[in-house]
Amino acid sequence: MITETDLQEPVVSKLNIHQKLQRLKDNFTFVFQPRRKPKLFARILRAYLTYSLNREYHKRPLRNIDVALTYACNLKCEHCSCELMKSKSQPLTKSDYIRFAREAMDMGTIYFSFTGGEVLLRKDLEEIIKEFHPWENLIGLQTNAVLLTPDRIDSLYDAGLDALQISLDSFDPAEHDKFRNQKGSFEATIANAKLALKKGIKIIFCSTITKSTLRTKEIRNLLQFCKELNCPIVVSIPCPVGNWSGNFSQCFDDDDRAYFAQLQKEFPHLRRDFHSNYARIGCSAATEKLYLTPYGDIIPCPFIHLSFGNIKTEPLRAIRNRMLNLQNFTQYNQVCLAGEDMDFIEKYLRPTFDAHHLPMRWDDHPVLKEELR
């Protein structure tokens, strides 16, 4: 049983020289595309410079925004929040996305990662990608990859796609299919990932690893597979939100974090999202990263279901500045706020556990409405 003490005193995972070199190699091959994206490298250098020269967080550039285009999905994953996130509000229009892309780029954003639900269900996906200036930005797609076809891979690449962030939770087909609630999803995911690699699209595997699966041979086999393909694998740890709302049984404790750190030494491709920042290691929610819902709400990350404003009614910069008035978002936290920081979970996330609709607006939250007025 996970206790409050377990979650409050984390073991912080540091990178050794081998891991740092692997990270630099992965990042460089990802961003250096002088023929395909001639303006990209200059924008990244400018963002690093802006980051280095500003000590105040609200003046530092954003790096990455997850753009959720739909909460419809072809799978029913065990940990999903999509049903709770659906809204009766009008979804964003093409003109909303055009305006948002400009605002985000003015704030330094260089990586737009389109997500869902299952984002491949959007028939106009390629059109939307083109509105986010793919010739000068990195474009990613978070997908289970089951719906990919050779023709769709070609059209996405032509639209400017750089990377597929593909969900893969075990190298045991039965275990993966059970978690995703669809038989055959493992085989389809692997086959389509290899097709995309042949096209020249970068693959980043994304895995949810729980306390129960962390030490299994299936996870080691998954890490070995990613190593052989020379593909990074980014791990999401369990968070007591969404369909796991209030469930701490699968959360990591100090022993789990220490074991994960050992795995990282053995498999340098293994990362948490903490290791993709401009400079410092740590949670980058609000400091470098935001999440846009299909209805316009801005939340700090996919697991912190708190809306700090809506782009239909407020500028993105004003919404982000509201986030940065919260102490937790003015530092690179060395633990996942939504999955490991018990103080944050109790104070800010617990009021959302019984909500019938997410995200909860900041001015409807019993604590935030007092702290941020």
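This text goes with the structure placed above it.
These notes cover the structure that comes with them. Being a predicted model, the structure only gives us computed values, none of them experimental.

## Focus: the overall build of the protein
Helices and strands together make up the secondary structure of the protein, namely 14 helices and 11 strands. Relative to a compact globule of 373 residues, whose C-alpha radius of gyration would be 21 Å, the protein shows 19 Å and is just as compact. Seen along its three principal axes, the alpha-carbon backbone of the protein occupies a region of about 50 × 50 × 45 Å. Counting across all 373 residues of the protein, residues that qualify as buried make up 57%. In the protein, the proportion of contacts linking residues at least 24 apart, taken out of those at least 6 apart, comes to 74%. Only carbon and sulfur atoms are counted for the fraction: they give 52% of the accessible area of the protein, which is about 16200 Å². Charge separation in the protein, taken as the distance between the mean sites of 51 positive and 46 negative side-chain charges, equals 6 Å.

## Here we look at unusual backbone geometry
Residue Gly 117 is bonded to the preceding Gly 116 through a cis peptide linkage, with omega at 25°. Along the chain, the position of Gly 117 falls in the loop between strand E2 (111-115) and helix H6 (125-130). Residue Pro 359 is bonded to the preceding Leu 358 through a cis peptide linkage, with omega at 0°. Within the secondary structure, Pro 359 sits in the loop between helix H13 (342-349) and strand E11 (360-361). Of note, the phi angle at His 133 is positive, near 50°, even though the residue is not glycine. With respect to the helices and strands, the residue His 133 is situated in the loop between H6 and strand E3 (138-143). One non-glycine residue, Ala 145, lies in the positive phi region at around 70°. Mapping Ala 145 onto the fold places it in the loop between E3 and helix H7 (150-159). Overall, the relative accessible area of 0% leaves Ala 145 in the buried class.

## Observations regarding the nonpolar core
Residues Val 67, Phe 100, Phe 114, Phe 132, Leu 141, Phe 205 and Phe 329 are the most contacted members of the largest nonpolar core, which totals 110 residues. Among all residues touching Phe 114, those that are not within four sequence positions of it are Val 67, Leu 69, Val 119, Ile 128, Ile 129, Phe 132, Ile 139, Gly 140, Leu 141 and Gln 142.

## Here we look at H7
Looking only at H7, the buried set comprises Arg 152, Ile 153, Leu 156 and Ala 159. An end-on view of H7 places all buried positions within 130° of arc, on one side of the element. Along H7, exposed side chains directed more than 90 degrees from the buried face belong to Pro 150, Asp 151 and Asp 158. As for H7, its buried residues are in contact with H6, E3 and helix H9 (185-199).

## Observations concerning the pattern of salt bridges
Pairing is possible between side chains of opposite charge, provided their charged atoms come close. What the rule picks out here adds up to 26 salt bridges. Among the ionic pairs, Arg 63 bridges to Glu 288, the shortest N-O distance being 2.7 Å. Pair noted here: Arg 63 is in the loop between helix H3 (40-53) and strand E1 (64-68) and Glu 288 is in the loop between strand E7 (270-272) and strand E8 (289-292), with a separation of 225 residues, a long-range link. Both residues of the pair, Arg 63 and Glu 288, belong to the buried class. Measuring nitrogen to oxygen at the nearest pair gives 2.9 Å for the salt bridge that ties Lys 347 to Glu 371. Of this pair, Lys 347 sits in helix H13 while Glu 371 sits in helix H14 (residues 368-371), and the two are 24 residues apart along the sequence. Residue Lys 347 is classed as partly exposed on the basis of its relative accessible area, which comes to 37%. Where salt bridges share partners, they join Lys 211, Arg 215, Asp 253 and Asp 256 into one cluster.

## Brief notes about the sheet that holds strand E9 (residues 298-299)
With respect to topology, 9 strands assemble into an open sheet ordered E7-E6-E5-E4-E3-E2-E1-E8-E9, the strand pairing being mixed. Each end of this open sheet is capped by a strand with a single partner; those strands are E7 and E9. Sheet topology places strand E5 (residues 202-208) next to strand E6 (residues 233-236); 4 bridges connect them, and they run parallel. Residue pairing across strands places Thr 208 opposite Ser 236, the latter belonging to E6.

## Structural notes on the pairing of E8
The side-chain alternation of E8 yields two buried faces, one formed by Lys 289 and Tyr 291 and the other by Leu 290 and Leu 292. Across 4 bridges, the pairing between E1 and E8 is parallel. Directly across from Val 67, in E8, lies its bridge partner Leu 292. Bridge analysis of E8 against E9 gives 2 bridges, and the strand direction is antiparallel. Residue pairing in the sheet places Leu 292 in a bridge with Ile 298 of E9. What sits between E8 and E9 in their antiparallel hairpin is a turn of 5 residues, with Gly 296 showing a positive phi close to 105°.

Reading the values: rules and limits
- Residues numbered from 1 in each chain as written.
- Predicted model: local features only at pLDDT ≥ 70, side-chain atom pairs only at ≥ 80, totals over all residues.
- Heavy atoms only, no water.
- Helix = DSSP H or I, 4+ residues; strand = E, 2+ residues; numbered from the N terminus.
- Rg over C-alpha atoms; globule rule 2.2 N^0.38 Å.
- Buried < 20%, exposed > 50% of the residue type's maximum accessible area, 1.4 Å probe, protein only.
- Contact = heavy atoms within 4.5 Å.
- Areas by Shrake-Rupley, 256 points an atom, 1.4 Å probe, with all protein chains shown as cover.
- Lys, Arg positive; Asp, Glu negative; His and termini not counted.
- Charge placed at Lys NZ, Arg CZ, Asp CG, Glu CD.
- Core = buried A, V, L, I, M, F, W, Y, C linked by side-chain atoms within 4.5 Å.
- Arc of directions from axis to C-beta.
- Salt bridge = Lys/Arg side-chain N within 4 Å of Asp/Glu carboxyl O.
- Pairing = 2+ DSSP bridges.

That's the geometry; what it means functionally is another story.
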